[in-house]
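A look at the structure
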Amino acid sequence: MKSILIKDTTPEEREQIIRQSLDCGGGCDFCSSCWLGGGSPYDMYQEYIDGKKEIAQINAEYRARYARG
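Residues numbered from 1 in each chain as written. Predicted model: local features only at pLDDT ≥ 70, side-chain atom pairs only at ≥ 80, totals over all residues. Heavy atoms only, no water.

1. A closer look at the pattern of salt bridges
- One pass over the structure, following the stated rule, counts five salt bridges.
- Taking the shortest distance from any N to any O, the salt bridge between Glu47 and Lys53 comes out at 3.3 Å.
- For Lys53, a relative accessible area of 18% puts it in the buried group.
- Lys53 is the salt-bridge partner of Glu61, the closest N and O atoms lying 2.9 Å from each other. (Salt bridge = Lys/Arg side-chain N within 4 Å of Asp/Glu carboxyl O. Buried < 20%, exposed > 50% of the residue type's maximum accessible area, 1.4 Å probe, protein only.)

Structural data, given as structure tokens:
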């Protein structure tokens, strides 16, 4: 499996990684995080696509918002 780290990918590859990762096959662009309050999953991961934050960092920040209650 190829690395998904920012340093190993282009913005186009990162966008494709997100699209493939969030595609449940149901045809809904908002099937991954909107029902958890995250809004559009593509907006949620835009900083990864832009090369600003790794996926792990975005996921950790998202979980931290809900862990605090």
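2. Focus: the confidence of the model for the chain
- Considering every residue of the chain, the mean pLDDT works out to 81; 72% of them sit at 70 or more.
- At the low end of the mean pLDDT range in the chain sits helix 2 (residues 41-44), at 79; at the high end sits helix 3 (residues 46-49), at 96. (pLDDT = per-residue confidence, 0-100. Helix = DSSP H or I, 4+ residues; strand = E, 2+ residues; numbered from the N terminus.)

3. Structural notes on helix 1 (residues 11-22)
- For helix 1, spanning 12 residues, the distance from its first C-alpha to its last is 17 Å, which sits close to the expected 16 Å at 1.5 Å a residue.
- If you check which residues of helix 1 are buried, you get Arg14, Ile17, Ile18 and Leu22. Buried residues of helix 1, seen end-on, are gathered within an arc of 110° and therefore sit on one face of the element. Exposed residues lying more than 90 degrees from the buried face of helix 1 are Glu12 and Gln20. (Expected span 1.5 Å × (residues − 1). Arc of directions from axis to C-beta.)

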